[in-house]
Amino acid sequence: MAEMSSKPHALLVPSPMMGHLIPLMELASSLVTHHNFHVTVVVVSPNSSPELSKVIQSAKTKKLCDIVELPAPSSGHVSNMAGAVFTHLAALMLDAISSLRSAISVLEVKPAAMIVDIFGTPALTVAEEFRMLKYVMVASCARPLTLLLYAPVLDKQIQGEYLDREELLEIPGCKPVRPEDVAKPLMNRKDREYEAYLRKANDITSMSDGIMINTWEDLEAKSLKAMREHPEWKKILQVPVYTIGPLFRSAGQPSGGSTAPRSELLDWLDKQPRESVLYVAFGSMGVLSAEQITEMAWGLELSKQRFIWVVHPPSKRSGDKGNDISEYLPEGFMARTHETGVVVTTWAPQSEILAHLSVGGTLSHCGWNSSVESILNGVPMIAWPLYAEQTMIATQLVEEIKVAIKPKELPTKAVAGREEIEMLVRKIMEEKEGDEMRARVKELKASGEKALSKEGSSFNMLSELSRLCKINTAQQGQKV
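Every chain begins its residue count from 1, and numbering advances along the sequence as written. Per-residue local features of the predicted model are confined to residues with pLDDT of at least 70, and side-chain atom pairs are confined, for both listing and counting, to 80 or more; whole-chain, interface and lining totals are unaffected and use all residues. With hydrogens and water stripped out, all remaining heavy atoms of the structure feed into the side-chain values.

**What to know about the overall build of the chain**
In step 1: Secondary structure elements are defined from DSSP: runs of H or I of at least 4 residues count as helices, runs of E of at least 2 residues count as strands, and each element is numbered from the N terminus. Scanning the chain from terminus to terminus reveals 19 helices and 13 strands.
In step 2: Only C-alpha atoms enter the radius of gyration, while the globule expectation follows 2.2 Å times N to the 0.38, with N the number of residues. Over its C-alpha trace the chain gives a radius of gyration of 22 Å, about what one expects of a compact globule, namely 23 Å for 480 residues.
In step 3: Counting only C-alpha atoms, the chain reaches 70 × 55 × 50 Å along its principal axes.
In step 4: Think of it in three bands: residues with accessible area under 20% of the maximum for their type are buried, residues over 50% are exposed, and the middle band is partly exposed, with areas taken using a 1.4 Å probe on protein chains only. Among the 480 residues that make up the chain, the fraction classed as buried is 57%.
In step 5: In this analysis, two residues are considered to be in contact whenever any of their non-hydrogen atoms come within 4.5 Å of each other. The long-range share in the chain, meaning contacts at least 24 apart out of those at least 6 apart in sequence, stands at 73%.
In step 6: With an accessible surface of roughly 20,500 Å², the chain has 51% of that area assigned to carbon and sulfur atoms.
In step 7: Of the charged side chains in the chain, 52 are positive and 58 negative, and the gap between their average positions amounts to 4 Å. Accessible areas in this description were obtained via Shrake-Rupley with a 1.4 Å probe; residue shielding takes into account the shown protein chains only. In this charge count, Lys and Arg are treated as positive and Asp and Glu as negative; neither His nor the chain ends contribute. For this purpose, a charge sits on NZ of Lys, CZ of Arg, CG of Asp or CD of Glu.

Given below as structure tokens:
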């Protein structure tokens, strides 16, 4: 007890989505391992998600931090999250407040700080009751955050739908945003999601003592400088912005238990030449249309490049062909590509695959967790955004960070043909442009690793959090 109370105690409250749970779990690991924190993670039990349960079980197995599971709310918010994340996930977290309050009240050592993701802001009212410092951790990068936080200003400045505009959306000090790149909640200003998006922006800026972003200073210097220094930003953002990334699940940290056997995919990669394999995956929620699956298959085959392709059936509605993925692939595809490619229809160990020396590129949905994994493993990308803020991230990866290429048309608007897919795959795997991106991404890999190392920018910002927590613990009357 004495040893525990001598450490700053942080309470992390992630919302039950893979893209938010994983980086908060990685933050917990960093705080414990490198900054001598005691960490308690309070999770809403994800009864409907085996993938989330595996991550939670893995954290329990490691025993780095205390895990407190709250009962799943009885409402139907989880089933609706894919269609209306800001509305339903925020409501789910609001439903969990009473259970969260009870869980905190029985902790032996009261936390000095609460860290939530952007959907957990309702929990900050509980942090206020227990006199904790209040932080919002953004699991994505700074660029989409600038749009989120500036959206209430744009709401007053602009009439009509953003998608109907030809002019770019101006954000002070930042690169302008193309209307087609905005996050889904901004695509219909009459929808409840739009109102929930604006409320979330106001909650983040008004309820927290600071904002933590899963990025690092060198990666997004322009956006970070604007948020901290631009006069227009000072009007809406009065709390510090901390860069604490890159947080990601590195190779050797499986989502399941630590005793899981080595995947046969890694054995197959061991036999392939260095940087010769393209990894194709679209995240836990990414699904292609039946037509796009067929064109993707043809494109991969025509490129004559080695690949691992994680693919799921386009839908599960009655009347569809069913869950056998071969029904959606060109006839003979599996036989013709069996020596150069592997089709995966279940889970794949993405962290280990991206870290393997045989992987030279990835075709990705551009979720920020996957993008960070790619960068920190020195792997350039073909950007294939599907949902959430992925279109904006894809544009950033291509135009600003310059570690990706993408199709001419957004994948959500048009089916990319086999010829274009073949061209993109060849470009990233065997042409000069791909080599240049590979060199660039390896520079960023070194930059990210430096930010996390002792005295690096992200390391120092978490050290500052430790200092502030110790001060608050003293003010709470706890022994430090």
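Having seen the structure, we can now continue with the description.
**Some thoughts on the sheet that holds strand β11 (residues 359-364)**
In step 1: Strands are labelled as partners when DSSP assigns at least two bridges between them. Here we have six strands laid out as an open sheet, ordered β10-β9-β8-β11-β12-β13, and parallel in their pairing. Edge strands, defined here as strands with exactly one partner in the open sheet, are β10 (341-344) and β13 (404-405).
In step 2: As paired strands, strand β8 (residues 277-281) and strand β9 (residues 306-310) are joined by four bridges and run parallel to one another. Pairing of Tyr279 across the sheet is with Ile308, part of β9.

**Remarks on the sheet that holds strand β2 (residues 38-44)**
In step 1: Judged by pairing direction, the sheet is parallel, and its seven strands sit side by side in the order β3-β2-β1-β4-β5-β6-β7 without closing on themselves. Each having just a single partner strand, β3 (66-70) and β7 (241-243) make up the two edges of the open sheet. With direction set aside, neighbouring strand axes in the sheet form an average angle of 25 degrees.
In step 2: Contacting β4 (113-117), β5 (133-138), β6 (210-213) and β7, helix α19 (residues 457-476) crosses the sheet at an angle of about 125 degrees to β7. To get an axis, fit a line to the C-alpha atoms, keeping to the stretch in contact for a helix; angles then go from 0 to 180 degrees between the N-to-C directions.

**Notes on helix α2 (residues 18-35)**
In step 1: Multiplying 1.5 Å by the helix residue count minus one yields the expected span of that helix. For α2, with 18 residues, the first-to-last C-alpha span of 25 Å sits near the 26 Å given by 1.5 Å per residue.
In step 2: Counting buried positions along α2 gives 14 out of 18 residues, so the element sits mostly inside the fold.
In step 3: With its phi angle positive at about 55 degrees, Asn36 sits one or two positions after the end of α2.

**A few points about unusual backbone geometry**
In step 1: Looking along the chain, the bond that leaves Gly245 and enters Pro246 is cis, with omega of 10 degrees.
In step 2: With respect to the helices and strands, the residue Pro246 is situated in the loop between β7 and α11 (264-270).
In step 3: A positive phi angle is found at Ala388, which is not glycine, with a value near 55 degrees.
In step 4: Looking at where Ala388 falls in the secondary structure, it is placed in the loop between β12 (381-383) and α16 (390-400).
In step 5: For Ala388, a relative accessible area of 39% translates into the label partly exposed.
In step 6: For Glu455, which is not glycine, the phi torsion reads 75 degrees and is therefore positive.
In step 7: You can see Glu455 is positioned in the loop between α18 (432-452) and α19.
In step 8: A relative accessible area of 56% places Glu455 in the exposed class.

**Examining the packing of aromatic side chains**
In step 1: Within 6.5 Å between ring centres, the rings of Phe, Tyr and Trp (the latter by its six-membered ring) count as paired, and their orientation is classed by plane angle as stacked under 30 degrees, edge-to-face over 60, tilted in between. This model, assessed by the stated rule, comprises seven aromatic pairs.
In step 2: Ring centres of Phe86 and Phe119 lie 5.0 Å apart, and the angle between their planes is 65 degrees; on these two criteria the pair is classed as edge-to-face. Of this pair, Phe86 sits in helix α4 (residues 85-95) while Phe119 sits in the loop between β4 and α6 (124-129); the two residues are 33 residues apart in sequence, bridging distant segments of the chain.
In step 3: Residue class for Phe86 comes out buried when judged on its relative accessible area of 12%.
In step 4: Here Tyr135 and Tyr242 contribute two aromatic rings whose centre-to-centre distance is 6.1 Å and whose plane-to-plane angle is 75 degrees, an arrangement assigned as edge-to-face. A residue pair is termed long-range when its members are at least 10 positions apart, and Tyr135 in strand β5 and Tyr242 in strand β7 qualify at 107 residues. For the pair Tyr135 and Tyr242, a shared accessibility class is recorded, and that class is buried.

**A few points about the packing of α2 against α19**
In step 1: It is the contact of α2 with α19, at a shortest axis distance of 11 Å, that shows an interaxial angle of 80 degrees. By the angle between their axes, α2 is roughly perpendicular relative to α19. Taken together, the residues of α19 that come into contact with α2 (itself represented by Leu27, Ser30, Leu31, His34 and His35) are Phe459, Leu462, Ser463, Leu465 and Ser466.
In step 2: Each residue is assigned to one class: nonpolar for Ala, Val, Leu, Ile, Met, Phe, Trp, Tyr, Cys and Pro, charged for Asp, Glu, Lys and Arg, and polar for all the others, Gly among them. Looking at the contact of α2 with α19, its residues break down into five nonpolar, five polar and no charged. When describing relative orientation, an angle under 35 degrees is termed roughly parallel and one over 145 degrees roughly antiparallel, while 65 to 115 degrees is termed roughly perpendicular and anything else oblique.

**Quick word on the nonpolar core**
In step 1: Ranked by size, the top nonpolar core spans 61 residues in total, and within it Leu11, Leu100, Met114, Leu149, Ile211 and Trp233 carry the most contacts.
In step 2: Take this core: its biggest share by element is eight residues, from helix α7 (residues 142-157).
In step 3: Excluding its chain neighbours within four sequence positions, the residues that come into contact with Ile211 are Val136, Val138, Leu145, Leu149, Ile204, Leu237, Val239, Pro240, Val241 and Tyr242.
In step 4: The definition of a nonpolar core used throughout is a set of buried Ala, Val, Leu, Ile, Met, Phe, Trp, Tyr and Cys residues joined through side-chain atoms within 4.5 Å. Of all hydrophobic cores here, the second largest spans 35 residues; its members include Leu21, Ala113, Ile115 and Cys469.

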